[in-house]
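Overview (structure and organization)
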Amino acid sequence: MFSRLKSRSKNEASSFARSQAHYTHNSDEEAIDESIKPGFVRNSDDVSLDKFYVPIDSYEGRHRYDPKATWSTAEESALIRRLDVRVYLGMNTNDYNTGQTIFYVSFLAAELPSQLISKKLGPDNWIPIQMVSWSIVACCQSRLTGRATFFLTRSLLGIIEGGFIPDVILYLSYFYKSKELPIRLSFFWGAYGCTYIIGAFLAYGILHLRGHQGLAGWQWLFALEGSLTALIGIISWFYLPPSPYQTASFFRGKDGWFSEREEVILANRIIRDDPSKGDMHNRQAVNLSLLWQALKDYDMWPIYLLGFTWTIPNQCATAYLTLVLRSLDFNTFETNLLTVPAYVLFVLQLIFWTWLSEKINNRFLIILICQLYMFPLVVGLETLPAGAAYTWSRYVLNMMLVGFPYVHAIIVAMTSRNAGSVRTRTVGSALYNMCVQTSNIISSNIYRDHDKPLYRTGNAVLLALIAYNIILIVSAKLYYRSRNAQREKVWSGMSEAERARYLETTTDGGNKRLDFRFVH
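Since the structure is predicted, the reported quantities are computational estimates derived from the model, not experimental observations. Think of each chain on its own: its residues are numbered from 1, step by step along the sequence as written. Only residues with pLDDT of 70 or above have their local features reported here, since the model is predicted, and side-chain atom pairs are shown and tallied only from 80 upward, although totals for entire chains, interfaces and linings are computed over all residues. Hydrogens and waters are ignored; side-chain quantities use all the structure's heavy atoms.

1. Topic: the overall build of the protein
The way it works is that DSSP assigns letters per residue, a run of H or I at least four long becomes a helix, a run of E at least two long becomes a strand, and they are numbered from the N terminus. Counting its secondary structure elements, the protein contains 20 helices and two strands. Whether two residues are in contact is decided by their heavy atoms, any of which lying within 4.5 Å being enough. Sequence separation of at least 24 residues holds for 83% of the intrachain contacts in the protein that already meet a minimum separation of 6. We get accessible surface area from the Shrake-Rupley algorithm with a probe of 1.4 Å; when it comes to residues, only the shown protein chains can shield them. When the accessible surface of the protein is summed, it comes to about 21500 Å², and 64% of that surface belongs to carbon and sulfur atoms.

2. So, helix H15 (residues 363–383)
Owing to its 3.6 residues per turn, the α-helix aligns residues three or four sequence positions apart on the same side. The end-to-end C-alpha separation of H15 is 31 Å, in line with the 30 Å expected for 21 residues at 1.5 Å each. Only protein chains enter the area calculation, which uses a 1.4 Å probe; residues under 20% of their type maximum are buried, those over 50% are exposed, and those in between are partly exposed. Three or more residues of H15 are buried, namely Arg 363, Phe 364, Ile 366, Ile 367, Leu 368, Cys 370, Gln 371, Met 374, Leu 377, Val 378, Gly 380 and Leu 381. Pairs of N or O atoms are called polar contacts if they sit within 3.5 Å, as long as, within protein, a hydrogen donor faces a hydrogen acceptor (for residues adjacent in sequence, only side-chain-to-side-chain pairs). At the N-terminal boundary of H15, the capping side chain belongs to Asn 362, with an oxygen 3.1 Å from the backbone nitrogen of Leu 365. A helix is expected to reach a length of 1.5 Å times the quantity of its residues less one.

3. With respect to the packing of helix H12 (residues 301–309) against helix H19 (residues 456–492)
The N-to-C vectors of H12 and H19 enclose an angle of 165°; their axes lie 10 Å apart at closest approach. Comparing the axis directions of H12 and H19 gives the class roughly antiparallel. The chirality of how H12 crosses H19 is left-handed. Across the interface between the two elements, Pro 302, Ile 303, Leu 305, Leu 306 and Thr 309 of H12 pack against Leu 465, Tyr 468, Asn 469, Leu 472, Ile 473, Ala 476, Tyr 479 and Tyr 480 of H19. In this analysis, axes come from line fits to C-alpha atoms, helices being fitted only over the stretch in contact, and the angle between any two N-to-C directions falls in the range 0 to 180 degrees. Roughly parallel means an angle under 35 degrees; roughly antiparallel means over 145; roughly perpendicular covers 65 to 115; every other angle is labelled oblique. Should the near helix be turned anticlockwise from the far one by less than a right angle, the crossing is termed left-handed; should it be turned clockwise, right-handed.

4. Some points on the packing of aromatic side chains
Pairing of aromatic rings covers Phe, Tyr and the six-membered ring of Trp, with a centre-to-centre limit of 6.5 Å; geometry is then stacked below 30 degrees between planes, edge-to-face above 60, and tilted otherwise. Applying the stated criterion across every chain yields a total of 19 aromatic pairs. Here Phe 188 and Trp 189 contribute two aromatic rings whose centre-to-centre distance is 5.5 Å and whose plane-to-plane angle is 80°, an arrangement assigned as edge-to-face. Here Phe 188 matches Trp 189 in class, with each residue buried. Taking 4.9 Å as the distance between ring centres and 40° as the angle between the ring planes, the aromatic pair formed by Phe 346 and Tyr 406 counts as tilted. With a gap of 60 residues between them, Phe 346 in helix H14 (residues 332–359) and Tyr 406 in the loop between helix H16 (391–402) and helix H17 (408–419) connect regions that are remote in the sequence. When its relative accessible area of 7% is taken as the criterion, Phe 346 is described as buried. The exposure class assigned to Tyr 406 is buried, which follows from its relative accessible area of 14%. Cluster of aromatic residues (ring-pair linked, three or more members): Trp 310, Tyr 343, Phe 346, Phe 404 and Tyr 406. A cation sits over an aromatic face here: Lys 512 above Tyr 298, 4.8 Å from the ring centre. Our definition puts a charge over a ring when NZ of Lys or CZ of Arg is within 6 Å of the ring centre and also within 35 degrees of the ring normal.

5. A few points about a nonpolar patch on the surface
Taken together, Ile 117, Leu 121, Ile 129, Leu 228, Leu 231, Ile 234, Ile 235, Trp 237, Phe 238, Phe 250 and Phe 251 make up a surface patch of nonpolar side chains, about 1100 Å² in accessible area. Looking at the nonpolar patch, the elements with two or more residues in it are helix H4 (101–121) and helix H9 (217–239). With six residues, the top contributor of residues to the nonpolar patch is H9. Take Ile 129: its relative accessible area is 30%, and that puts it in the partly exposed class. Patch membership requires over 30% relative accessible area and the absence of a salt bridge. Like charges are linked within 9 Å, and nonpolar side chains (Val, Leu, Ile, Met, Phe, Trp, Tyr) within 5 Å. We count a salt bridge whenever a side-chain nitrogen from Lys or Arg sits within 4 Å of a carboxyl oxygen from Asp or Glu.

6. Some words on the pattern of salt bridges
For side chains of opposite charge, pairing can occur when their charged atoms come near one another. Following the criterion strictly, the structure yields 11 salt bridges and no others. Across the pair Arg 363 and Glu 358 runs a salt bridge whose closest N-O atoms are separated by 3.3 Å. One salt bridge connects Glu 488 with Arg 517, and the closest N-O pair in it is separated by 2.9 Å. In this pair, Glu 488 sits in helix H19 while Arg 517 sits in strand E2 (residues 516–517), placing the two residues 29 residues apart along the sequence. A single network of salt bridges, built from pairs that share partners, joins Asp 297, Asp 299, Arg 483, Arg 487 and Lys 512.

7. A closer look at unusual backbone geometry
With phi around 55°, Asn 361 is a residue other than glycine that occupies positive phi space. Along the chain, the position of Asn 361 falls in the loop between H14 and H15. In this model, Tyr 455 sits at a positive phi of 55°, which is unusual for a non-glycine residue. Here Tyr 455 shows up in the loop between helix H18 (422–443) and H19.

8. Here's the deal with the nonpolar core
Put simply, buried Ala, Val, Leu, Ile, Met, Phe, Trp, Tyr and Cys residues joined by side-chain atoms within 4.5 Å make one nonpolar core. Formed by 99 residues in total, the largest nonpolar core has its most connected members in Leu 185, Trp 189 and Trp 310. Ignoring sequence-local partners within four residues, the contact set of Trp 310 consists of Cys 370, Gln 371, Met 374, Phe 404, Tyr 406, Val 407, His 408, Ile 411, Tyr 432, Val 436 and Asn 469. Formed by 10 residues, the second largest nonpolar core is a distinct cluster that contains Phe 103, Tyr 104, Val 137 and Leu 157.

9. Thoughts on the side chain of Arg 517
According to the relative accessible area criterion, Arg 517 is buried, its value standing at 0%. A polar atom in the side chain of Arg 517 sits 2.9 Å from the side chain of Glu 488. A distance of 2.5 Å separates the side chain of Arg 517 from the backbone oxygen of Leu 514, its partner in a polar contact.

10. Concerning the environment of Val 474
When you line up the elements, Val 474 lands in helix H19. Residues Val 474 and Leu 368, spaced 106 residues apart in sequence, show a C-alpha to C-alpha distance of 7.9 Å.

11. Thoughts on the environment of Ile 351
Checked against the element boundaries, Ile 351 lands in helix H14. Distance in space between the C-alpha atoms of Ile 351 and Ile 183 is 6.8 Å, their sequence separation being 168 residues.

12. Looking at the side chain of Asp 451
Its place among the elements puts Asp 451 in the loop between H18 and H19. Charge convention: Lys and Arg are scored as positive, Asp and Glu as negative, and His as well as the terminal groups of each chain are ignored. This buried residue, Asp 451, is left without a salt bridge; Arg 456 holds the nearest opposite charge, at 7.4 Å. Reaching out from Asp 451, the side chain makes a polar contact with the backbone nitrogen of Thr 457 at a distance of 3.1 Å. Of note is the side chain of Asp 451, whose polar atom sits 2.9 Å from the backbone nitrogen of Gly 458.

13. Things to note about the confidence of the model for the protein
On average, residues of the protein carry a pLDDT of 76, and 79% of them reach 70 or more. Across residues 88–100 the pLDDT falls below 50, and counting only partners more than four positions away or on other chains, this stretch makes 44 contacts in the model. What pLDDT conveys is the predictor's confidence in a given residue, as a value from 0 to 100.

14. Quick look at the state of the cysteines
Note on terminology: disulfide describes a covalent bond linking the sulfur atoms of two cysteines. Counting rule for disulfides: a pair of cysteine sulfur atoms within 2.5 Å. A complete count under the given rule lists zero disulfides for this structure. Cys 140 takes part in no disulfide bond, and the closest cysteine sulfur to it belongs to Cys 139, at a distance of 7.1 Å. By relative accessible area, which is 45% here, Cys 140 ends up partly exposed.

Written out as structure tokens, the structure is:
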């Protein structure tokens with residue numbers, strides 16, 4: 001397997017160049033600095049290295065690969081719109097009420113194994129299995145009898161749900177170019193945020209079923225939401241195709257979603273954008289050797305470190321917001337309604353900042369803005385005097401923290417792009433998400449009982465974490481810029497013959513290759 005991947009590493013750098021030599025794109029989004037462009041690079045006017053970039057024979061889109069294929073911007077744009085309609089139907093998760101540490105421990109334990117299973121079975125199979133399994137356990141929560149059954153269902157939900165997000169990311173990477181992925185991920189998490197808004201109203205109606213058929217309102221809530229997820233999971237089993245080139249089926253139509261020409265466009269636009277996606281087919285498992293290579297990829301560690309801490313102030317505010325509202329003597333329904341503005345702001349900021357990060361081609365700047373946004377809000381919580389007169393001010397500060405610039409989609413997409421290989425993308429997405437889930441455990445222990453109701457000590461810890469995050473973000477930005485500059489200096493100093501010799505003989509793979517550039 002390693003020797004095969006080694007030979008594939010000769011086939012990665014020129015796909016982007018071919019997209020420039022054979023494919024004319026007039027969009028303004030391409031107007032960025034070409035001297036150190038992220039991904040795989042080489043001179044755009046040379047096609048003599050094309051032989052190094054043919055996908056492996058077992059790659060699911062190999063039969064549609066054509067280095068001489070051309071298409072117009074209008075054709076590609078129309079095809080992307082069709083992808084959006086096809087791929088995003090039914091793609092959502094409603095993992096609510098995940099505050100318990102037992103859930104996150106189970107979640108973390110299942111994250112990486114789930115991702116490895118997904119790579120072997122295919123996300124189109126594994127995601128529906130997760131959804132239906134999750135729904136069964138969720139429905140079982142309607143029959144909780146005590147602490148033991150509560151802890152058991154929380155653990156099972158964590159095990160089943162672990163890996164769901166990286167599975168979705170891996171699946172979407174089969175359909176979209178690296179530059180298109182962040183905004184699609186923001187739509188995914190935007191839909192997740194909308195569930196809080198819609199759920200506030202649904203919960204009010206469902207809880208009024210209390211007493212019907214001898215069940216309490218909360219039992220109806222678990223049973224109905226679990227049943228809905230099961231229905232979506234079953235539909236997803238038949239609906240989700242393995243790849244853009246394998247859409248024909250009884251359920252999806254005997255001719256599939258796309259014509260032969262459209263599949264040619266889909267295959268070549270993906271491979272030209274990221275040749276590493278042709279190194280493995282979508283049912284090829286990651287073995288122990290490849291797993292170890294991905295784990296020790298130190299170029300991914302700055303992103304993992306960031307995952308541990310960047311969202312902690314928001315997590316504390318989310319847990320604290322309902323406590324503030326209850327202190328104002330609002331009932332459950334009124335409390336749910338007053339959280340709606342926070343999640344509306346959350347969704348709007350998520351989509352806007354994700355879009356802007358690609359527009360200006362600067363991701364760490366947006367991540368830095370996220371921390372700068374939270375800093376004065378936490379300072380306000382730390383210094384706001386005690387007393388009922390300031391309760392509404394405290395609510396506004398917490399509401400704005402909950403609705404902060406959620407840059408998760410930006411970092412997740414950056415993890416995928418900086419992986420440089422399918423194996424690292426598979427493992428890296430899981431590792432980053434494990435770091436983020438670990439931050440939930442950390443955040444649940446910052447606001448302590450002895451520190452309430454103002455949590456002065458907890459807020460001081462949050463301010464220290466924001467300062468740490470700022471230093472880490474700036475350092476990561478400088479690190480990736482330095483890595484790109486070092487490689488560009490060597491690569492630009494090589495002749496075409498030297499580059500060909502390098503591609504022919506190198507043992508470097510993925511993001512360790514001289515022609516690979518990190519996004520930052």
